[in-house]
Amino acid sequence: MAKVLILHTGGTIGMTATENGYQPDGEYFRRAIHHMDSLKAKGMPEWDFMETDPLLDSSRMSVAEWNSIGSLIAGHYNDYSGFVILHGTDTMAYTASALSFMLKGLDKPVILTGSQIPLCETRSDGRDNLITSLIIAGEAKVREVCIYFGGHLLRGNRATKFSADGMQAFISPNYPDLATAGIAIRYNMAAIDNEEKGEFSCRPFENIPIGILKVFPGIQFSLFAKLVCHTLKGIVLETFGSGNLPDDEGILLPMLKEAEKNGAVVTVCSQCPQATVNMHAYEAGSVLREAGAVSGCDMTSEAAVAKLYYLFSTCRDTAEIKQYMEKNIRGELHEN
Ligand code: ASP
């Protein structure tokens, strides 16, 4: 018999209006979900409910919250056949990416969902998102970290927030949907990870100094020298198109070389959601390779950030981290 743990972490789905705008309201949400008849209807999996303390707007979440969500799942891993994590949309793609790396050997569904309109409002999309996520977690046809939102089930580390007001808040620009929920839930079995899993473990992240640097025409790279050369360990460089840089006036490349000497890993991603980085396609990008940067291939920046946290928390050898950044370890990228 399927039994799912619903873990409420905050986000719009469980918020109510206050003088200062929407805020998480644990008491309201607890009552609301225990009174939702459709969650207890025939055919629904059994479920238990838990919440994190404090409940947060996901824009306030960080590595500590990823670690507690991961540890909660790990602590209850054997008690449930699947997990539904209720979470704000703002950083859901980061948390999903982080959990995908943190939960090694995951062989059960972990479905993150939330809503654009709080459950307390008449037009809330939270009802369907919650009910369908619970069904997907109960069916256990996907055994990986996913986001279910607005009728689409996406691989968590391939998803990115795309809309702040549409009901389809997330897209997976470089990987097919794992399922679509219309009249029936149709799984795309060819896209779902069906590999044999090893032993399950959870590896919390260390709070490594990581940064994203987005280039733009006219960027003055020298302004970032201290950060890039001496502070950051992991750097996601968001470049144009397939991995191109503006004219660096002889500044960025020596900076990147120095960063590399100091043990930093620079990963090149694209500002285009739908893209694969190819640092050899143009002269404007090939210099990055010479400076020791690695390709983020078709990874989202969210996945690249989470992967840097994971690798720096598990490996001590920078050369090894660089190698793994370009390798597919949880379905997060297609190797060039
Ligand atoms: N600010 C909210 C959050 O991310 C937005 C949402 O849930 O949609 O927690």
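Caption draft 1: Expanded view of the site of the ligand. Every residue near the ligand is listed here: G11, T12, D57, S58, G88, T89, D90, S115 and Q116. One of the side-chain nitrogen or oxygen atoms of D57 is found 2.9 Å away from a nitrogen atom of the ligand. Here a nitrogen atom of the ligand sits 2.8 Å away from a polar atom, N or O, in the side chain of D90. The protein chains hide 89% of the 270 Å² of surface that the ligand would expose on its own. The residue inventory of the shell around the ligand, partitioned by class, reads no nonpolar, seven polar and two charged.

Caption draft 2: Expanded view of the side chain of Q116. For Q116, the location among the structural elements is in the loop between β7 (110–113) and α4 (126–139). Given the relative accessible area of 15%, Q116 is considered buried. For Q116, the side chain forms a polar contact with the main-chain oxygen of S163, separated by 3.1 Å. At 2.8 Å, the side chain of Q116 forms a polar contact with the backbone oxygen of G166. Aside from chain neighbours lying at most four places away, what touches Q116 is T12, T89, D125, F149, S163, A164, D165, G166, M167 and A169.

Caption draft 3: Geometry of the pairing of strand β16 (residues 234–239). The buried fraction of β16 is high, at six of six residues. Burial of the side chains of β16 extends over both faces: G234, V236 and E238 are buried on one face and I235, L237 and T239 on the other. As defined by bridge partners, strand β15 (residues 210–214) adjoins β16 across five bridges and the pair is classed as parallel. Bridge assignment links G211 to a residue of β16, and that residue is I235.

Reading the values: rules and limits
Residues numbered from 1 in each chain as written. Predicted model: local features only at pLDDT ≥ 70, side-chain atom pairs only at ≥ 80, totals over all residues. Heavy atoms only, no water. Near = heavy atom within 4 Å. Polar contact = N/O pair within 3.5 Å; in protein donor to acceptor, adjacent residues only side chain to side chain. Areas by Shrake-Rupley, 256 points an atom, 1.4 Å probe, with all protein chains shown as cover. Nonpolar A, V, L, I, M, F, W, Y, C, P; charged D, E, K, R; others polar. Helix = DSSP H or I, 4+ residues; strand = E, 2+ residues; numbered from the N terminus. Buried < 20%, exposed > 50% of the residue type's maximum accessible area, 1.4 Å probe, protein only. Contact = heavy atoms within 4.5 Å. Pairing = 2+ DSSP bridges.

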